[in-house]
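In case you want the letters, here they are:
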Amino acid sequence: MSRKFEFSVNGSAVSVSLDNEETPLLDVLRNSLGLKGTRFGCGLEQCGCCMVLIDGAPEKCCTKPVSSVAGKKIVTVEGLGDASHPHPLQQAFLDEQAGQCGYCLAGILISAKALLDKNPKPSRAEIAQALDSNICRCGSHNRILRAVEKAAAVMRAGAER
Amino acid sequence: MNASLPGPLNDNPNLDRWVAFPSPGKVTILTGRVELGQGVLTAMAQIASDELDVAMERITVRSGDTEKAPNEGYTAGSQSIQFGGVALRQACAEVRALFLEQAGKVLGCKGNELSIRDGRFHRNGASTGQDYWTLSSAIDLTCRATGVAARKAVADLKSVGTSSRRLDLPGKVFGDSIFIHDIQLDGTIHARVVRQPNRGAAIASIDERAIRRAAKGPIEFVRNGDFLAIVGNDETAVDAATAAAVGHVVWHNVEAPTPTQQEASWLLQRPAVDRAFGAAPGDSQGRERFERTYTRGYLAHASISPSCGLALYRNGKLTVWTHCQGVYPLRAAVAKILELDPSLIIVHHVQGSGCYGHNGADDAAADAAIIALQRPGQPIRVRWRREEEFIYEPKTPAMIVKVRAILDEGGKPVDWTQEIWSPTHNLRPGAGGNLLGALALPNPPPEPPPNDVPEANGGGATRNAEPLYDIPAKRVLHHLVTESPVRTSALRGLGAMPNVFALECCIDELAERGGKDPVQYRLSITADPRARAVIEKVATMAKWNADATGGTGRGRGIAFARYKNRAAYSAVVVELFVDEEIRLHRVWCATDAGLVVNPDGVINQLEGGIIQSASWVLKEQVRFDNGIASYDWQTYPVLKFTEVPEIEIELINTKDEVPLGVGEVTAGPTAAAIGNAVSHALGTRIRDLPLTRERLTAALLKD
């Protein structure tokens with residue numbers, strides 16, 4: 001008996017019908033909605049590859065039942081920007097060449113977005129703290145930290161204008 | 001007469017395996033090297049851009065594809081640029097020469113009167129109206145390279161030597177469907193394997209009802225001997241069923257590694273193939289002997305994504321998509337286990353997460369292929385589970401390295417023996433290693449004969465076992481341990497990390513024994529100017545102070561290596577603090593990699609190597625406890641954002657030297673520099689990795 005779940009993803013209302021209300025939000029994003037930017041890393045809420053914003057808060061969604069996000073606002077990496085209109089964070093990651101294999105980056109960008117929404121001028125230590133819920137295995141950490149600092153500066157300058 | 005060709009071009013001499021002009025204004029270059037996150041395809045495009053004189057924007061790179069791309073074996077060993085890049089460069093030079101000759105014929109002039117600007121041919125500075133694309137119909141690129149065409153002089157290279165932006169990075173920050181995990185073919189069937197715990201384990205019973213109940217959606221079982229998979233359209237249901245299957249499939253003949261087997265010391269009493277090379281046995285002639293033993297435990301590749309493979313068997317042909325490091329060796333191995341002719345199999349490389357060596361990628365592809373053969377016409381997508389990756393990926397072996405030095409009256413080593421105990425570092429399918437799924441099929445393949453990477457290819461356990469220093473007699477004793485509790489294979493640098501850790505820590509111990517500064521001591525036994533240059537450079541960068549007091553909780557250490565003793569040179573200084581645990585503060589690194597194609601790409605690789613090595617040294621060891629007890633990120637923690645040190649890197653400018661790979665060069669020096677810095681901070685030495693809190697406490701109590 002399928003049930004309907006309604007929520008918003010990247011500003012658009014979506015409605016999905018599923019038999020299993022425990023289906024993880026990650027599976028819904030990737031398989032039902034075709035949004036592949038949010039990655040599967042562990043299925044254990046440990047690595048942060050599947051980080052999305054749920055009503056503005058960064059949350060791992062690989063085990064989060066879709067029923068728990070009914071009526072909520074989800075933002076994924078695709079919702080930050082695209083090649084023609086990159087988010088300052090995405091632009092800063094490109095400017096700093098912050099990444100190697102890049103599998104962790106979507107989740108890291110979301111964690112960084114959540115941090116900058118709350119704290120527009122974080123210290124290096126605060127950025128590192130906020131990103132400790134994400135794992136990077138290639139060792140791009142310092143570039144990522146620099147990119148978030150840079151994006152924060154760009155966003156502050158934009159806000160002052 | 002054919003001049004000699006770079007190896008990979010000699011193996012794939014037809015130029016159409018390397019370069020194509022598919023449509024006006026477009027160039028396709030083909031390479032057997034694959035993108036693993038190291039930025040290699042960008043570097044290849046830069047090389048082609050220079051040698052063909054076309055803008056980067058015109059170039060598409062096709063890589064790792066048994067249909068079209070050259071067979072270059074594995075993308076491994078930091079050899080892509082040194083060998084694959086040089087081959088591509090020569091192929092492009094040959095193509096350029098052919099086109100210049102043809103343009104000369106068309107224009108009635110000599111080829112050397114012409115120049116090329118972004119693909120267009122000019123004469124006396126004026127456009128001739130000819131370009132690669134107008135001329136391409138007259139040139140047959142299926143011809144063979146001759147080796148006669150001259151590559152450009154280094155001084156004439158424009159893109160090479162600049163930090164061109166990575167071609168693969170935009171897709172990664174915008175969340176595009178670029179990973180193998182993102183491929184969704186029409187009618188995709190999701191599949192998970194219920195893994196055979198070990199070779200010889202047999203399925204006793206399957207509680208299908210319980211598994212179906214847990215699935216909460218339609219699933220099917222696919223079985224061939226003791227190879228069992230759960231498949232279905234609904235990935236969520238397949239995942240749930242597989243998680244439940246762990247408790248509802250009972251196996252006979254299960255063997256599980258024990259805590260005793262976890263430690264390197266277990267290797268000492270095992271059967272082994274004993275080898276020796278280098279100088280004849282030395283006689284200390286009454287001189288002082290110095291002996292120390294260093295160990296390291298088993299490590300996991302711990303790729304951030306579990307492995308994934310896709311396969312489709314249709315009309316008697318099999319197509320496989322994989323993120324493995326060698327599509328041709330995988331094709332041969334899959335052909336063998338499925339008893340198919342390799343010509344009926346196409347293997348495409350698609351990016352996965354960083355692998356750092358032989359992880360589960362080949363096995364996941366083979367899993368998909370095995371299932372696909374039983375489900376013709378259906379695209380099969382296998383994605384390993386997190387614990388499956390940790391438990392079943394090949395581990396890098398534990399190693400024991402015993403160093404014996406004989407010293408002259410000045411305290412310098414005159415004779416050096418490095419004795420190693422290690423299981424193999426190479427069970428890649430291309431080296432005779434088995435694909436995991438094949439072990440569960442009826443008629444499993446036999447165990448491969450004992451084997452490790454030969455010294456001619458850099459060695460496996462013996463990699464960097466000989467110090468580069470000026471020591472009159474050096475020898476290596478290698479015990480290739482043939483009994484291992486887990487499957488072992490290649491991880492970034494193979495034996496180089498434990499060997500450099502051992503010898504560079506021992507060099508520090510010798511310096512300390514003689515009351516010498518570690519930097520000066522190294523310089524006193526090194527004449528190689530490129531080695532001296534990186535050591536001196538890193539000491540300057542770090543403002544190395546020979547008089548820094550030890551035993552204060554703050555420590556500094558230096559270490560050096562030339563990767564494989566024939567590739568890039570790197571020296572590393574680490575500064576750290578030790579209280580209850582080790583906190584890395586700063587790392588400096590000077591590296592000489594010859595001609596650098598993309599400086600920022602090289603620095604990115606060096607930084608990654610430093611951080612990964614630091615993670616190995618401080619945190620990582622695969623634990624055994626009635627099975628693999630390191631099965632997720634909590635039981636196998638890696639370095640976090642709040643734990644990474646600041647890193648400063650400088651490249652030595654040696655652009656007239658051949659380009660050398662850098663992915664692996666920092667692993668050994670970083671490990672030893674940390675070891676030396678910890679010893680400096682504590683005033684006592686720890687010779688066993690990882691440098692855990694328990695080992696710190698034990699070392700301090702011992703004093």
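Here the structure is a predicted model, which means the values were calculated and not measured.

Observations concerning the overall build of chain B
Phase 1: Along the backbone of chain B there are 17 helices and 25 strands.
Phase 2: For a compact globule of 703 residues, the expected C-alpha radius of gyration is about 27 Å, and chain B comes in at 27 Å, within 12% of that figure.
Phase 3: Dimensions along the principal axes, computed over C-alpha positions, put chain B at roughly 80 × 75 × 45 Å.
Phase 4: Scored against the burial criterion, the 703 residues of chain B give a buried share of 56%.
Phase 5: Residue pairs in contact within chain B that sit at least 24 positions apart in sequence constitute 80% of those at least 6 positions apart.

Here's the deal with the pairing of strand E2 (residues 27-31) of chain B
All names here are of chain B.
Phase 1: When you tally the buried positions in E2, you get 4 out of 5 residues, the bulk of the element.
Phase 2: Across 2 bridges, the pairing between strand E1 (residues 19-20) and E2 is antiparallel. Its bridge partner lying in E2, Ala-20 is registered against Thr-28.
Phase 3: What sits between E1 and E2 in their antiparallel hairpin is a turn of 6 residues, with Gly-25 showing a positive phi close to 85°.
Phase 4: Where E2 lies against strand E3 (residues 59-63), 5 bridges are found, and the strand directions are parallel.

Let's talk about the sheet that holds strand E1 (residues 3-9) of chain A
Think of a sheet as strands paired side by side through backbone hydrogen bonds, with each pair either parallel or antiparallel.
All names here are of chain A.
Phase 1: Pairing in this open sheet of 5 strands is mixed, and the strands run E2-E1-E5-E3-E4 from one edge to the other. The outermost strands of the open sheet, each flanked by one partner alone, are strand E2 (12-18) and strand E4 (57-60). If you compare each strand with its neighbour and ignore which way they point, the axes differ by 40° on average.
Phase 2: Strand direction decides the pairing type here: strand E3 (residues 51-54) and strand E5 (residues 73-75), joined by 2 bridges, are antiparallel. When the sheet's bridge partners are listed, Ile-54 is paired in E5 with Ile-74.
Phase 3: Of the strands in this sheet, E3 and E4 touch helix H3 (residues 105-118), which is tilted by about 35° from E3.

Regarding the domain arrangement of chain B
All names here are of chain B.
Phase 1: The domains assigned to chain B are domain 1 (7-171), domain 2 (181-254 + 302-392) and domain 3 (399-425 + 460-702).
Phase 2: With 18 residues of domain 1 at the interface, the matching set in domain 3 holds 22 residues.
Phase 3: Considered class by class, the residues forming the side of domain 1 that touches domain 3 number 6 nonpolar, 12 polar and no charged.

Structural notes on the interface of chain B and chain A
Phase 1: At the junction of the two partners, chain B supplies 44 residues and chain A supplies 47 residues.
Phase 2: Secondary structure elements with two or more residues in the side of chain B that touches chain A: helix H5 (169-173), helix H7 (235-248), helix H15 (599-619) and strand E24 (646-651) of chain B.
Phase 3: For the side of chain B that touches chain A, the element with the most residues is H15(B), which contributes 7 residues.
Phase 4: Here the residues of the side of chain B that touches chain A are counted per class, giving 15 nonpolar, 16 polar and 13 charged.

Thoughts on the confidence of the model for chain B
Phase 1: Overall, the prediction assigns chain B a mean pLDDT of 96, with 99% of residues at 70 or greater.
Phase 2: Reported for the predicted complex are a pTM of 0.97 and an ipTM of 0.98.

About the criteria used
- Residues numbered from 1 in each chain as written.
- Chains lettered and ligands numbered in written order.
- Predicted model: local features only at pLDDT ≥ 70, side-chain atom pairs only at ≥ 80, totals over all residues.
- Helix = DSSP H or I, 4+ residues; strand = E, 2+ residues; numbered from the N terminus.
- Rg over C-alpha atoms; globule rule 2.2 N^0.38 Å.
- Buried ≥ 20, exposed ≤ 12 C-beta atoms within 10 Å, placed from the backbone.
- Contact = placed C-beta atoms within 7 Å.
- Pairing = 2+ DSSP bridges.
- Axes fitted to C-alpha atoms, helices over the stretch in contact; angles between N-to-C directions.
- Domains from an automatic or database assignment.
- Nonpolar A, V, L, I, M, F, W, Y, C, P; charged D, E, K, R; others polar.
- pLDDT = per-residue confidence, 0-100.

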